[in-house]
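# Fold and geometry: a report
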Amino acid sequence: MTMKYTMILMALALLAGGRVPAQSVPEPQKQPVDYVNPNIGGIGILLTSTAPYVQYPFGMARMAPVTTPGIVDRYLADKIYGFPAGPAMLMVSTGALDTDARSYASDYDHDFERATPYYYEADLQTWGVQAESTVTRDAIFYRFTFPASPHAHLVLSMAQDATLAVVGNNVVQGSRQVYGAYGRNGVPSSANQETREYFYAVFSQPVNSWRTWQGAQLGKLPEQSGGAIGYVGSLSTTAGETMDVRVGISYISVEQARSNLEEQITEGTFDQVTQKARAAWDDALGQIAFTGGSERQKTIFYTALYRSLQRMTDITEDGLYYSGYDHAVHDANGHDFYVDDGAWDTFRSMHPLQLLLNGRQQEDMIRSYVRMYQQSGWMPSFPSVSGSKAVMIGHHADEIILDAYEKGFRNFNVEAAYEAMKKNATQASMIPWTLDPMTRLGREYLQKGFFPALAYGEKETVPQVTQERRQAVSVTLETAYDDWCVGTMAKALGKTADAAYFMKLAQNYRNVFNPAIGFMAPRSADGSWVAPFDPKLGGGQGARDYFTEMDGWVYTFSVQHDVAGLIGLMGGRDRFNSRLDQLFVEQYGVPKYKFLSQFPDATGLIGLYAQGNEPSFHIPYLYDFSGEPWKTQFRVRQLLGIWYGDGPLGVPGDDDGGETSSWYVLSALGFYPVCPGSPVYEIGSPIFPRSVIRMGNGREFTIIANGDSAKNKYIQSATLNGHPLDKPWFSQAEIAKGATLVLQMGDRPNLQWGSAPEDAPPSMSTTTSDQD
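## With respect to the side chain of Ser133
With respect to the secondary-structure elements, Ser133 resides in strand β7 (residues 129-135). Given a relative accessible area of 1%, Ser133 falls into the buried group. Once residues lying within four places of it in the same chain are set aside, the contact partners of Ser133 are Met63, Tyr118, Tyr119, Tyr120, Phe141, Tyr142 and Phe270.

Here's what the structure looks like:
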């Protein structure tokens, strides 16, 4: 339809008193960021919920409304208590003056809310105020639109080891001690005394009437310190009057917070800053494009990708960074410093996804881990801005480092990284949730080849063991994987003696496989099998006597570095597949509510497989190793369709900083890394007919699924770069310079494709020449 003809139709319609045809005003084309719904997962399946963060990708400034304390499902909270201003909480009201945060809280309604990665808006209905926010990397920008009121208030409140100062009539600055790093038995480390977060807040108009408070006492002291301190500015507003609040944040100093603010926001209007944040997300999310897919699938996918690009957090400021590992400010020397990770979660798929998208950034993340080691003497697994957290088990920064190295990203101090890996493996505690030097339990692992469990009814005598118990089988299995990483790195660096030593330790998973029952099982210090033992319900709360948050059915398949060896232990492919099949249909042994009470992390259940927790994530792809890849294709599609959604209940369990979301991203594209550290990817079943990944080197990896549909989930044949691909995996080397994977899809399994023993992905026990 020509423009002239369209205008004639519009004129005739108006003259006739009719309406302009709808097609004359085309809908704007959606960009990837427009599909993101940060409220997905706002109701936890059983444990924690997600937060609708506004932030730059990997940005330090992070904004989500502070909702009613105690309501863990954020989407169901009835009130907004405030908004973050670095270490302070900012709130507005038109009510009475008070020092109690509850008196400033406001009702809000999700139907009058807009949540995006770059902008948040809510109506504070109690006060008739519209609240808007956006961000830069190190600053937050608020805009409040008031009703007519003779007593409007701006409130900044702080608690616990805080300082606050009023500077003139439109600036408030302050700082607060940062908590979050933990020493032995969950006790906050005294080293945290030197870690503070600073803010510098500027109001767009002067506030001539203000007060500060300490406890419940209002006064007018320009400086306050201690706990429960705050500032309230009072002003008279007209209907529609706006107040901008710009907040710079820093971990270096209040002067740096001011510098961050002035560099990143001062020159821009609220709308300009919002558009820059939107552009940052559009660029990041636009690295993956696809055709086809429903609106629901697009929403789930791009929301999952948004969550996969939030951590680690870049805390570099003007080329400097504060380290909680030696409590000093350092020159970043051109390489950004990152914190805020949980390697037990994120090594599995979030870091491999990020490595595909931006390998140079991953190198800086690994540089950050190495710097933490050099500054503190230990390489952490859960680094925070204030230091290491004693969380979970294993030393899984090993997998992150080896995965990057093996995939060709080596621009970091490899020798120092190896030194840190080796020190953790030989000198650090293996006891769950501790940061101690190695205890006798760790030495027993090195000597006997397994981490000893308590005999049935035996009392704990090792003082370093916490309420998280020993988790003995999981510690053995995950430490064997870590040891494989150390051994593989040692081999790559020509350290032959170390390589032989750690590769022997990597076999230790065999020592906790009980052939009499066909499951991984606990052994006591004398080497005997703990009895009685139930692989489904044994081990107490969360099975923590023997396992980490999951049961023996799941952890029996936790040998990511040597699936071929595990298949052999189980008696071959047929027996392995039979047990794997049974995992997806095995029932709970008790009423479901009792099972979930014992295993609250085991949500997203299909049989005893739990999509809500990380130890399960690689398991659907194990059929690629055992000659039945069509079952991987079926199970992956089933999990994508059932346990991920586009509403508040759309995440199957704890998202753990984006890890659960990253599983969706990779699986929806059609592949997944079963064993990070091995430079290969196992093939699943893509949900989009065509996907294009713009990798960090500028090359593109294209996945084409011809005939793809809900029913056509099974791979009939494949080519990679125009050559037949008869195996259900491919290597990093095959895609690094750009590649096209073409899958022919059908509605019935092809029982021959990828099923021969020689088609299986590499394992420690098999020859890996195909990946070289």
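So much for the structure itself; the text now carries on.
## Describing the packing of aromatic side chains
Applying the stated criterion across every chain, the model contains 35 aromatic pairs. Here the aromatic rings of Tyr501 and Phe502 are separated by 5.0 Å at their centres, their planes lie at 75°, and the arrangement is edge-to-face. When its relative accessible area of 0% is taken as the criterion, Phe502 is described as buried. Ring geometry for Phe617 versus Trp663: centroids 6.4 Å apart, planes at 50°, classification tilted. Of this pair, Phe617 sits in the loop between β28 (609-610) and α18 (629-643) while Trp663 is found in helix α19 (residues 659-669), placing the two residues 46 residues apart along the sequence. You can call Trp663 buried: its relative accessible area is 0%. Through a chain of ring-to-ring contacts, the aromatic side chains of Tyr35, Phe290, Phe301, Tyr302 and Phe688 assemble into a single cluster.

## A closer look at the sheet that holds strand β17 (residues 242-250)
Spatially, nine strands are ordered β5-β6-β7-β8-β17-β12-β11-β10-β15 in an open sheet, and the strand pairing comes out antiparallel. Each of the sheet's edge strands pairs with one partner strand only, and the pair in question is β5 (113-115) and β15 (223-226). In this sheet, adjacent strand axes meet at a mean angle of 15° when their direction is disregarded. Examined bridge by bridge, strand β10 (residues 162-167) and β15 share four bridges and lie antiparallel to one another. Among the inter-strand pairings, Ala162 is bridged to a residue of β15, identified as Gly226. Sheet strands in contact with helix α4 (residues 270-285) are β7 and β8 (139-145), and its direction is about 50° off that of β7.

## Quick word on the pairing of β10
Of the pairings in the sheet, the one linking β10 to strand β11 (residues 171-177) comprises six bridges and is antiparallel in character. Looking at β11, one finds that Val167 is bridged to Val171. Here β10 folds back onto β11 in antiparallel fashion, the turn holding three residues, of which Gly168 has a positive phi close to 70°.

## Looking at the packing of helix α9 (residues 397-406) against helix α12 (residues 472-492)
Orientation of α9 relative to α12, taken along the N-to-C sense of each, is 35°, at an axis distance of 9 Å. Between α9 and α12 the crossing geometry is left-handed. Together, Asp398, Glu399, Ile401, Leu402, Tyr405 and Glu406 of α9 and Tyr481, Asp482, Trp484, Cys485, Val486, Thr488, Met489 and Ala492 of α12 make up the contact between the two elements. Class assignment of the residues belonging to the contact of α9 with α12 gives a composition of nine nonpolar, one polar and four charged.

## Some thoughts on the sheet that holds strand β36 (residues 739-746)
Strands belonging to one sheet form pairs held by backbone hydrogen bonds; the direction of such a pair is parallel or antiparallel. Taken in spatial order, the six strands make up an open sheet running β18-β31-β32-β36-β33-β34, and their pairing is mixed. Every other strand in the sheet has two partners, leaving β18 (288-291) and β34 (723-724) as the edge strands with one partner each. Note that strand β33 (residues 714-720) and β34 share two bridges and pair antiparallel. Bridge pairing in β34 places Thr719 opposite Pro724.

## Observations regarding the environment of Thr548
With respect to the secondary-structure elements, Thr548 resides in the loop between β26 (519-520) and α14 (552-555). On the basis of relative accessibility, which here comes to 2%, the residue Thr548 falls in the buried class. If we ignore the near neighbours within four places in the chain, the residues touching Thr548 are Trp344, Met392, Ile393, Gln471, Ser474, Gly542, Tyr555 and Pro615.

## Some words on the pattern of salt bridges
The full count for this structure, using the stated rule, is 26 salt bridges. The residue Lys30 makes a salt bridge to Glu295 at a minimum N-O spacing of 3.5 Å. Taken together, the positions of Lys30 in the loop between α1 (3-15) and β1 (66-67) and Glu295 in helix α5 (residues 295-308) put the pair 265 residues apart, joining distant regions of the chain. Taking relative accessible area as the criterion, Lys30 reaches 42% and is therefore assigned partly exposed. Among the ionic pairs, Lys422 bridges to Asp498, the shortest N-O distance being 3.1 Å. In this pair, Lys422 is assigned in helix α10 (residues 414-427) and Asp498 in helix α13 (residues 496-505), connecting sequence segments 76 residues apart. One network of salt bridges, with partners in common, ties together Lys30, Glu295 and Lys298.

Quick notes on the rules
- Residues numbered from 1 in each chain as written.
- Predicted model: local features only at pLDDT ≥ 70, side-chain atom pairs only at ≥ 80, totals over all residues.
- Heavy atoms only, no water.
- Helix = DSSP H or I, 4+ residues; strand = E, 2+ residues; numbered from the N terminus.
- Buried < 20%, exposed > 50% of the residue type's maximum accessible area, 1.4 Å probe, protein only.
- Contact = heavy atoms within 4.5 Å.
- Phe/Tyr/Trp six-rings, centres within 6.5 Å; stacked < 30°, edge-to-face > 60°.
- Pairing = 2+ DSSP bridges.
- Axes fitted to C-alpha atoms, helices over the stretch in contact; angles between N-to-C directions.
- Left-handed = near helix turned anticlockwise from the far one by under 90°.
- Nonpolar A, V, L, I, M, F, W, Y, C, P; charged D, E, K, R; others polar.
- Salt bridge = Lys/Arg side-chain N within 4 Å of Asp/Glu carboxyl O.

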